[in-house]
Amino acid sequence: MYQEILITCESQEKRVAILEGRSLEEFYVERQGAQRSVGNIYKGVVNSIVPGIGAAFVNIGLEKNGFLYVQDLTLPDYEKIAELVDRSYVYEGAIANNNAKRQPDIKDMLKMGQEIMVQLVKEPLGTKGARLTTNISLPGRYLVLMPQASHVGISRRIQDNKERQRLRELLKGIKLPPNMGMIVRTAGCGANKREFLQDLRYLMGLWRKIRNTFNRKTAPSLAHEEYDLVLRVIRDSFTAQANRLLVDSKQEYKRIMHFLNIVAPSLKNRVHYYTQDVPLFEKKGVEDEIAKIHDRKVNLKSGGYITIDPTEALVAIDVNSGRFTRKKDPEETATMVNLEAAREIARQVRLRDIGGIIIIDFIDMKSRRNRNKVLDTLSSALKRDHHAKTDISNVSELGLVEMTRQRVRKSLESVVYQTCSYCQGRGLVKSSATMSIMALRKIKKVLQTNKKKTILVFAHPEVASYLVNEHRLALAELENKFRAKVLIKQDTGLHVEKLTIEPV
């Protein structure tokens, strides 16, 4: 399928959209001053050691200290390295199992005030500081260099046995310095030795630069900053499968061409500088698709739909048949909608960058075969997600599927939106009728405890209108009973749930 990568750059924001045909498959946003920190390498100082949880807190120069677990300090954990870069890998040969032996005491491995090189693998989220590792990994286009581990492996996403055998033979002919390792990324499928050597030379030069910076700087400090959004996309997503890349910034166009000159010269002819007056995303019809990304309801082509509701603990996704029905066979209806929903859910999870626990409520299906078919479709669609690891449970008898998706940074929603100052995340505010009744109670209480004969009530216009029109008789009864005057005033600056009552 025809794949296009669109990059639009403004003074405060860079956006990337990846299209397959006319479908928006991936979307990324990065704002000035809020660049992603996953992959950054720091010269840190051990600030405190907590043996009870087997972790150390390391000052890396951020607002909060990062935390370093003992398992991220011992032998390299290849699964974590995989998750950081290319989701997951299969490794050839024996792998040391850190859990097979008694876990060492972190006090024997670190000292207070010790300076160490650490890499950030999970951004600070909420009150938690960044998660760190000492197992450094440097991703290239085809390889991941592990400068402190002597292991060589191949991505498990490369499943063709002939290709795996070809890559094994190819890797045998590439010599690495002692105690260094590398993993072939998914993009390495089909690559030749020359391309691997070119990638390796680039990564070795990068590692030398990082070591020199580390030795020169004082802690805490940044030794290596991960690429910004544009260069990350060029490195990780702009492969031979991409037919064209359009960028609307001359400066970024030059930077991309310079970077490709180093890592992939053969792709330079696919990069084009977009100069038309119509904005790039509008020209390609992407803006309308982006506007729908955070909609609660997502319509399916069949007439069914899914709803996506984030909560504090998890994200709930519900599948509904909507107007799509086949009266003769409800099971077939449920299966067809569920299959379409499974593919769309995988796309939405990727587009919205949803992380954590996700509960999917598919339409009930009686047939185990149909349930397995839906689960297989979901699993297959999620394989396209190269940026986060996912785990899926079986479909329950009620049609529920529980899955987890690795969360290493803030979701797209948290970047674009903030908590509503009105509802504080509830998604609801009290109705005008409810607030009018509450206002009557408060007015009565003030009249009972205050000798003033006139009181002013300031309320949101909708609440004030409801009081004057719907509760006119109730107000009159209060005025007669307490021989007072109640004046209702509209205040457009007031929250719908706020009231101000002033005796005068």
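None of the values given here were measured: they were computed from a predicted structure.

Engineer: Sorry if this is basic, but what is going on with the pattern of salt bridges here?
Structural biologist: Pairs can form between side chains of opposite charge once their charged atoms are near each other. With the rule as written, the count across this model stands at 26 salt bridges. For Glu4, the salt bridge goes to Arg244, with nearest N and O atoms at 2.6 Å. You can see Glu4 sitting in strand S1 (residues 3-9) and its partner Arg244 sitting in strand S15 (residues 244-247), a full 240 residues away along the chain. Under the relative-accessibility criterion, Arg244 is labelled partly exposed at 26%. In this structure, Glu289 and Arg347 form a salt bridge, with 3.6 Å as the shortest nitrogen-oxygen distance. Taken together, the residues span a long stretch of sequence, with Glu289 in helix H7 (residues 286-291) and Arg347 in helix H8 (residues 330-352) at a distance of 58 residues. In this structure Glu289 comes out as partly exposed when scored by relative accessible area, which is 28%. A single salt-bridge network, built from bridges that share partners, covers Glu13, Arg15, Arg31 and Glu287.

Engineer: What am I meant to see in the confidence of the model for the protein chain here?
Structural biologist: Interpretation of this model should avoid reading the predicted coordinates in detail wherever pLDDT is low. Confidence in the prediction of the protein chain, expressed as mean pLDDT, is 86, and 91% of residues score 70 or more. Low confidence marks residues 75-84, where pLDDT is under 50. Its contacts with residues over four positions away, or in another chain, come to 37 contacts. Here residues 86-101 is a poorly scored stretch, pLDDT under 50, and it has 51 contacts once near neighbours within four places are set aside; other chains count.

Engineer: Sorry if this is basic, but what is going on with the side chain of Gln198 here?
Structural biologist: If you trace the backbone, Gln198 turns up in helix H3 (residues 193-216). Setting aside chain neighbours within four positions, we find Gln198 in contact with Ile262, Val263 and Pro265.

Engineer: It is not clear to me how the nonpolar core should be interpreted in this structure. Could you clarify?
Structural biologist: Across soluble globular proteins, you tend to see nonpolar side chains buried next to one another. Ranked by size, the top nonpolar core spans 52 residues in total, and within it Ile7 and Phe196 carry the most contacts. Residues in contact with Ile7, not counting those within four places in the same chain, are Arg15, Val16, Val230, Ile234, Leu245, Leu246, Val247, Asp248, Ile256 and Leu280. Val319, Ala341, Ala342 and Ile358 belong to the second largest nonpolar core, which has 30 residues in total.

Engineer: Help me understand the sheet that holds strand S25 (residues 499-503), please; the structure alone is not making it clear to me.
Structural biologist: Pairing between sheet strands relies on hydrogen bonds along the backbone, with the strands arranged either parallel or antiparallel. If you walk across this open sheet you meet the three strands as S24-S23-S25, and the pairing is mixed. Either end of the sheet is taken by a strand with one partner, and the two such strands are strand S24 (485-490) and S25. Between one strand and the next, the sheet's axes are offset by a mean angle of 20 degrees, whatever the strand orientation. Here strand S23 (residues 454-459) runs beside S25; their pairing, made up of five bridges, is antiparallel. Residue Ala459 lies in a different strand from S25, and its bridge partner there is Leu499.

Engineer: Just to check I follow, could you spell out helix H13 (residues 472-482) for this structure?
Structural biologist: Residues of H13 that are buried include every one of Leu475, Leu478, Glu479 and Phe482, and no others. Relative to the axis of H13, the buried residues are bounded by an arc of 100 degrees and lie together on one face. Summarising the geometry of H13, the exposed residues directed more than 90 degrees from the buried face are Leu473, Glu477, Asn480 and Lys481. On its buried face, H13 sits against helix H11 (432-449), helix H12 (461-470) and S24.

Engineer: Please explain the pairing of strand S18 (residues 305-310) as it appears in this structure.
Structural biologist: The side chains of a regular strand alternate between the sheet's two faces. The sheet contact formed by strand S17 (residues 297-299) and S18 spans three bridges and is antiparallel. Counterpart to Val298 in the pairing with S18 is Ile306. Between S17 and S18, which pair antiparallel and follow one another directly, the connecting turn spans five residues, one of which, Gly303, has a positive phi of 110 degrees. Sheet topology note: the S18/strand S19 (residues 315-320) ladder contains six bridges and is antiparallel. Within S19, the residue paired with Ile308 across the bridge is Ile317. Taken together, S18 and the strand that follows it, S19, pair antiparallel across an intervening segment of four residues.

Basis of the calculations
- Residues numbered from 1 in each chain as written.
- Predicted model: local features only at pLDDT ≥ 70, side-chain atom pairs only at ≥ 80, totals over all residues.
- Heavy atoms only, no water.
- Salt bridge = Lys/Arg side-chain N within 4 Å of Asp/Glu carboxyl O.
- Helix = DSSP H or I, 4+ residues; strand = E, 2+ residues; numbered from the N terminus.
- Buried < 20%, exposed > 50% of the residue type's maximum accessible area, 1.4 Å probe, protein only.
- pLDDT = per-residue confidence, 0-100.
- Contact = heavy atoms within 4.5 Å.
- Core = buried A, V, L, I, M, F, W, Y, C linked by side-chain atoms within 4.5 Å.
- Pairing = 2+ DSSP bridges.
- Axes fitted to C-alpha atoms, helices over the stretch in contact; angles between N-to-C directions.
- Arc of directions from axis to C-beta.

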